[in-house]
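The primary structure of each chain is shown beneath.
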Amino acid sequence: MLKFPDGFTPYKKKDADRYNTFRWWSGLTFGDLLDRAADIHPEKEAFVDGKTRLTYGEAREKTNRLALGLMDLGIQPLDRVLVQFPNWNEFVFAYFALQRSAPSPCC
């Protein structure tokens, strides 16, 4: 059973059933989508900011390294983390890395 942070409001059962019936929820996290894109198009350019251009494969590698670093710092599922970056690729990596250990709230 999934645990949720205090104050989390889950979807109403009828809404969740509808989203699942119409397949609006795929059961994939954003991290899963990044992995899928990196599997299919590892050399395709994915993220561009003012200084760097990265492929899906490079993005996954950086995300995974950051996720391991966050775990080494003791960040665990359900912890609250503030992320604040300008419009840089590092924001994307931080977001995806934090998703690596988060439970999916959809179902």
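Before any of the text, the structure's been laid out above.
Residues numbered from 1 in each chain as written. Predicted model: local features only at pLDDT ≥ 70, side-chain atom pairs only at ≥ 80, totals over all residues. Heavy atoms only, no water.

Asks: Explain the nonpolar core to me, and be specific about the residues and the numbers.
Replies: Leu-34, Phe-47, Leu-54, Ala-59, Val-92, Phe-93 and Phe-96 together form the largest nonpolar core, which totals 7 residues. Top contributing element to this core by residue count: helix H4 (residues 89–99), with 3 residues. For Ala-59, the contacting residues outside a window of four places in its chain are Leu-34, Phe-47 and Phe-93. (Core = buried A, V, L, I, M, F, W, Y, C linked by side-chain atoms within 4.5 Å. Buried < 20%, exposed > 50% of the residue type's maximum accessible area, 1.4 Å probe, protein only. Helix = DSSP H or I, 4+ residues; strand = E, 2+ residues; numbered from the N terminus. Contact = heavy atoms within 4.5 Å.)

Asks: Outline the pairing of strand E1 (residues 45–48), supporting the account with residue identities and numerical values.
Replies: Bridge count for E1 against strand E2 (residues 53–55) is 3 bridges, and the pairing is antiparallel. Within E2, the position partnered with Phe-47 by the bridge is Leu-54. Joining the antiparallel neighbours E1 and E2 is a turn of 4 residues. (Pairing = 2+ DSSP bridges.)

Asks: Can you break down the packing of helix H2 (residues 30–40) against helix H3 (residues 56–72) residue by residue, with the values?
Replies: Helix-helix packing is characterised by the crossing angle of the two axes and by the distance between the axes. As a packed pair, H2 and H3 sit with axes 8 Å apart at the nearest point and diverge in direction by 135°. Between H2 and H3, the crossing angle belongs to the class labelled oblique. The hand of the H2/H3 crossing is left-handed. Residues Leu-34, Asp-35, Ala-37, Ala-38 and Asp-39 of H2 form the contact with H3, whose own contacting residues are Tyr-56, Gly-57, Ala-59, Arg-60 and Thr-63. Within the contact of H2 with H3, the residues separate by chemical class into 5 nonpolar, 2 polar and 3 charged. (Axes fitted to C-alpha atoms, helices over the stretch in contact; angles between N-to-C directions. Parallel < 35°, antiparallel > 145°, perpendicular 65-115°, else oblique. Left-handed = near helix turned anticlockwise from the far one by under 90°. Nonpolar A, V, L, I, M, F, W, Y, C, P; charged D, E, K, R; others polar.)

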